Every structure is written in structure tokens, then in C-alpha cells.
Amino acid sequence: MARTHHRLTPTTLVRSGGGKSRPLERVSLTIVISWRSRTVAIIAVPAVGILIGSLGPLLMTVDNPIGHATHLAMSGGWSWAALAFAFGIAGRSKVESAILAPAALVVAVIAYYATKVGRGEFTTLDLNSPSAATPYVSWGDFLGKTIFWCVVACILGPIIGLAGHLAKDRRLRSLPFRLLVPLITIVEMSERIRTEASLQGAVANVTWSAILVTAIAATIALVWHAMVTSRAKSFGQVQE
């Protein structure tokens, strides 16, 4: 009796977890895309973290109003929350989102304070030095602030990253996650305008007010879109 030989071809079917068969080439393509996505994420975490972390301090002393406004925007807590939230959205799973978000924040924190060291902001004077006032870098102050905010990033990062991942669900129940960053922005900008605007000048007042108005508009738009979408789905179900 002749034996039958089965030859594996690119279209050979494989059994998936749900019991359905899928072409081998489709499975291979999925694996390749998954690895490419993870590679992009691994590269993006340090790149974006360094950019966000260093940009604020670099623009701190810029005389140009646009540069100063950018510094104010990039140095706000809302922008760091948005950074973690964005990497939460980029994560392909809850675990990945909870890892990418704090990783990006930690890189941004290190870049932020490293840039400040490079600009001499941790330089102080040793008044007890025999050669009069000798400048030196206060490494204790630098490490203390860097470690503290890295710990904060490791605590809050996974929460915000997970919120970003859950926000991808377009159903009404995920609306609170989509509103997280706009609400953080509204609270922060309202407080800054109330307590700091009069001391920081016109550029700060205009910048924070513009960010506040944008956050309010984004909140209204998100709520409106969620309500309209939910009502449309409910109407469609009734029609069926």
C-alpha cells in the first residue's frame, strides 16, 4: 500500500486557539507584524522619553515667546500623563501597556534632570572652600529628585498606561478612561492659572488658558461622541 506524503506549503492550515484553521502564511505574517510592533515600541520608548524629558529644560531660558510657551506646555504634568497614556494606547496588551508607560516616564525623568545638570541648574557654591566660592554639582540633590520622580513614574505609569489601553475600547463604559488626560489637564491648568499666572507673566497666562480651553473642548467632544455612538448602537439594536 502506497504511503501518502503531505507537503507543507505556505498555505498549509494550522489549528488556532479557538479551534479554527488558519493559513500558515497568515500566522507567520501575524508573528512578523507583532515582532515589528514590539521593536518599534522598544525604540520609541527611549527616543520619545528623551525628547519629552529634555525639551522642557532646553526651552526654559528661550526669550522667544513661542519657545517659552512650548517650555510651559512640555513641563506640565498633563504632558507627562499624556506621554504615559499614549504608550498605553500603543501597547498590544494590558501587560505591555503597563510596562511601556512607566518605562517611557522613567526615561523622560532621567533625561529631564540630566539636561538640567548639563545646563548648570544643580550647580551650587561651596562657601567653606579656602578658594572662596567654588562651584560644584550637587549630586545629592540631583539623585534625590531623579529617584523620587522615577519612583512616582513606576507607581503612576502602569495605571495611566492601563487606562490608555482600556481607552481603545470604543464602548460607553470606556469613556472615563478616554477622559483621564483631559480631566488631569483641566485640574492642573485651572490651579496654575489661579495660583501662578499673575507671577509668571502674560505668556504663561495665555499658554495655560489655551491648554485649558483645548482640554475642555476635548472633554466635551469625547462625551458627545460617546453619547451619539451609544445612542446609534442602541437604536440599531432596537431596529433589529
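As a reminder, the structure under discussion sits directly above these lines.
From a predicted model like this one, the values you see are computed outputs, not experimental measurements. (Residues numbered from 1 in each chain as written. Predicted model: local features only at pLDDT ≥ 70, side-chain atom pairs only at ≥ 80, totals over all residues. Heavy atoms only, no water.)

Trainee: So what about the nonpolar core? Which residues, and what values?
Mentor: Counting residues in each nonpolar core, the largest one holds 27 residues, and the members touching the most others are Trp-80, Leu-83, Phe-85, Phe-87, Leu-105 and Tyr-113. Elements with a contribution of two residues or more to this core: helix H1 (24–58), helix H3 (77–90), helix H4 (94–118) and helix H5 (139–166). With 9 residues, H4 is the largest single contributor of residues to this core. Look past the residues within four positions of Leu-105 in its chain and what remains in contact with it is Trp-80, Leu-83, Ala-84, Ala-153 and Gly-157. Ranked by size, the runner-up nonpolar core spans 8 residues in total, among them Leu-72, Met-189, Ala-197 and Leu-212. (Core = buried A, V, L, I, M, F, W, Y, C linked by side-chain atoms within 4.5 Å. Buried < 20%, exposed > 50% of the residue type's maximum accessible area, 1.4 Å probe, protein only. Helix = DSSP H or I, 4+ residues; strand = E, 2+ residues; numbered from the N terminus. Contact = heavy atoms within 4.5 Å.)

Trainee: So what about the packing of H3 against H5? Which residues, and what values?
Mentor: Taken N-terminus to C-terminus, the directions of H3 and H5 make an angle of 50 degrees; their axes are 7 Å apart at the nearest point. Here H3 lies oblique to H5, going by the angle between them. Crossing angle aside, the handedness with which H3 passes H5 is right-handed. Mapping the contact onto sequence places Ala-81, Ala-84, Phe-85, Gly-88 and Ile-89 in H3 and Ile-160, Gly-161, Ala-163, Gly-164 and His-165 in H5. Here the residues of the contact of H3 with H5 sort into 6 nonpolar, 4 polar and no charged. (Axes fitted to C-alpha atoms, helices over the stretch in contact; angles between N-to-C directions. Parallel < 35°, antiparallel > 145°, perpendicular 65-115°, else oblique. Left-handed = near helix turned anticlockwise from the far one by under 90°. Nonpolar A, V, L, I, M, F, W, Y, C, P; charged D, E, K, R; others polar.)

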